[in-house]
Number of protein chains: 2
Amino acid sequence: MTDLRRYAIIGTGAIGGYYGARLQQAGCEVHFLLRSDYAHVRRQGLVVESAAGDFTLTEVNAYADATQMPPVDVVILALKTTQNDLFPKLMPPLRAGGVVLTLQNGLGVDGRIAELLSGSVAPENILSGLCFICSNKVGPGHIRHLDYGKILLGAYSPDGGIRAATSVMKQIATDFQQAQVPIELTDDLLIARWRKLVWNIPYNGLSVVLNATTQEMMADEGVRSLIEDIMAEVVSTANAWGKKLTTDSEHRREIPTGFIEEMLSTTDQMRPYRTSMKIDWDEGRPLEIEAILGAPVRAAKEMGMAVPKMEMLYEQLCFLSRRR
Amino acid sequence: MTDLRRYAIIGTGAIGGYYGARLQQAGCEVHFLLRSDYAHVRRQGLVVESAAGDFTLTEVNAYADATQMPPVDVVILALKTTQNDLFPKLMPPLRAGGVVLTLQNGLGVDGRIAELLSGSVAPENILSGLCFICSNKVGPGHIRHLDYGKILLGAYSPDGGIRAATSVMKQIATDFQQAQVPIELTDDLLIARWRKLVWNIPYNGLSVVLNATTQEMMADEGVRSLIEDIMAEVVSTANAWGKKLTTDSEHRREIPTGFIEEMLSTTDQMRPYRTSMKIDWDEGRPLEIEAILGAPVRAAKEMGMAVPKMEMLYEQLCFLSRRR
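Fair warning: this is a prediction, and the values are worked out from it, not measured in the lab.

A. The arrangement of helix 5 (residues 167-178) of chain B in detail. All names here are of chain B. Between its first and last C-alpha, helix 5 extends 17 Å over 12 residues, near the 16 Å set by a 1.5 Å rise per residue. Turning to helix 5, its buried residues are Met169, Ile172, Ala173, Asp175 and Phe176. Mapping the buried residues of helix 5 onto a view down its axis gives an arc of 160 degrees, with all of them on the same face. Residue Gln180 follows helix 5 closely and has a positive phi angle near 65 degrees.

See the structure below:
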């Protein structure tokens, strides 16, 4: 067993709360930054109902102010991307060799984090974890983990290049595995992000515009075919980008043909699911439109590619969001 | 002054009620078929609040049953296209030389009427009037005419060809002019229908999906650009169709380049407007999705043209409508 690292969780909600609690349960030292739930969690701890087993942490290192937090090895960023501009003020001190691990979806979010922390954290110390999880915060300090939970861990690369897993990444992976969180490493974070967008763009976007669950959408032949069309636009954009970045010595950086069919049939097998963007919408929170749709649409346009359905969905969401 | 013709109004709502009342006010003999408002109108007549002057018809030839109606010269069809299958049973007898004038929007609706009446009414006796009017039914036998009112009158042609105005059309035009309804004749009904669709497809469709008035949509830069993109798809489809039909001896059958800009600036100048499809949606009535979006999308596909945004709007509307 390796030494366990000291973690800070910035944003103790559905995602940060769940993974942070799992790490503490496994014996890691975890420090949680909270906002509205601070007093409650300090007094009552964290309650996790989970498909992988319920548990309660009665003693939690809770903070309302990041400047009070001790230096850590890993800062886990689990804010919504819409709050990223706040992040520099919420950043606790890092120990030597410390890293920032963002668990956010979307394109370019790691680049944005690197930019926000430039001067204090080197780009090679920024990691990304893509989370395949259904989890909600159902009350103060109360997380309900419904299904899945895997993390795909990769290193940020400013030029989008392949980056092999570092020893720090392997250590983090060990911590998560000991915490009952399945985790895999990838050397191609960019394509991994695009793969996740193949699901997120159509389902997150349409769930808000059509006010629908994944199941309702999949049961409708027309919307199913629309989802497939949008996925095809995302895959084309991803593969054009991947091709541009692929060097001669590398394997082809692309999303394979069968991936769309795989996503559709995975979704068919899911229980009726309210997407994270739909939950944000229902709760009156800002939507992660720019990270999930805006940046991919702009990426396509920069390459001169037409992505009419992604673009239309983006414009519809912007309208609904702005009007509110 | 020519002899005035005898009219039947099938569907005494916002459109049929307004035009029928205007014709009667001008001295035409008009017979109104009603459903839910029958008893009220028989007792109390029709009340028209109008931008062009309010008036009341205290005596109205009202019918609940088309078989009780006398033979007429002009049957004005003002049902929603979603009710067209009922039309043969609602068709009153025609006098010699009588015609059917449909006031419905959309592509292929005159062809559908010809089909439904085949054996009883010859295709050359089917006319179409495209109505540029803001009018609502606000209560039983109570029409509120807000703005505009012009009719563009053309003859149905089974092969989509040019058809010059007939003497019957000119007589009808005279009746409407005497009834304070501006009316113009067109020999190219097909392109006239497409021109109207350039407005109807984006505004009707998006007003339901985005739950918005024309003004709200025009004030949003992204939606405005989306509307423009959808209009461009409609114009391309129309012009491809027009080109296919144009014979050597004819002027070019197409929608000119400046038309989109003209539609946008006309809409900018309109008061905030709830589209007819949005009113249908708000009132829980079926939407005219097939006539307004389905048929144009299929027309594009038959010609091998990509109309991704029209298609996406169509699929979104079908989903919303089916779910309800």
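Picking up where we left off.
B. Representation of the packing of helix 11 (residues 289-302) of chain B against helix 12 (residues 308-323) of chain B. Residue and element names in this part refer to chain B. The contact between helix 11 and helix 12 brings their axes to 10 Å, and the two run at 140 degrees. Classified by the interaxial angle, the pair formed by helix 11 and helix 12 is oblique. Where helix 11 crosses over helix 12, the two elements pack in a sense that is left-handed. Packed against helix 11, whose contacting residues are Ile289, Glu290, Leu293, Gly294, Pro296, Val297, Arg298 and Lys301, the element helix 12 presents Met310, Glu311, Leu313, Tyr314, Leu317, Cys318 and Ser321 at the interface.

C. Structural view of the packing of aromatic side chains. This structure, assessed with the given rule, holds 12 aromatic pairs over all chains. Each ring, one from Tyr18 of chain B and one from Tyr19 of chain B, has its centre 5.5 Å from the other, and the planes form 65 degrees; the classification is edge-to-face. With respect to burial, Tyr18 of chain B and Tyr19 of chain B carry one shared label: buried. Taken together, Tyr7, Tyr18, Tyr19 and Phe176 of chain A form an aromatic cluster joined through their ring pairs. Of note, Lys244 of chain A hangs over the ring of Trp241 of chain A, and the distance from its end group to the ring centre comes to 5.3 Å. Residue placement shows Lys196 of chain B over the ring face of Phe132 of chain B; its charged tip is 5.1 Å from the ring centre.

D. Structural view of the relation of the copies chain A and chain B. The two copies are related by a screw motion: chain A maps onto chain B through a turn of 180 degrees and a shift of 0.0 Å along the axis, at an RMSD of 0.0 Å. What the superposition gives is, in effect, a two-fold axis relating one chain to the other. When the interface residues of chain A are mapped onto chain B, 100% of them again fall at the interface, so both copies present the same face.

Quick notes on the rules
Residues numbered from 1 in each chain as written. Chains lettered and ligands numbered in written order. Predicted model: local features only at pLDDT ≥ 70, side-chain atom pairs only at ≥ 80, totals over all residues. Heavy atoms only, no water. Helix = DSSP H or I, 4+ residues; strand = E, 2+ residues; numbered from the N terminus. Expected span 1.5 Å × (residues − 1). Buried < 20%, exposed > 50% of the residue type's maximum accessible area, 1.4 Å probe, protein only. Arc of directions from axis to C-beta. Axes fitted to C-alpha atoms, helices over the stretch in contact; angles between N-to-C directions. Parallel < 35°, antiparallel > 145°, perpendicular 65-115°, else oblique. Left-handed = near helix turned anticlockwise from the far one by under 90°. Contact = heavy atoms within 4.5 Å. Phe/Tyr/Trp six-rings, centres within 6.5 Å; stacked < 30°, edge-to-face > 60°. Lys NZ or Arg CZ within 6 Å of the ring centre and 35° of its normal. Least-squares fit on C-alpha atoms with pLDDT ≥ 70 in both.

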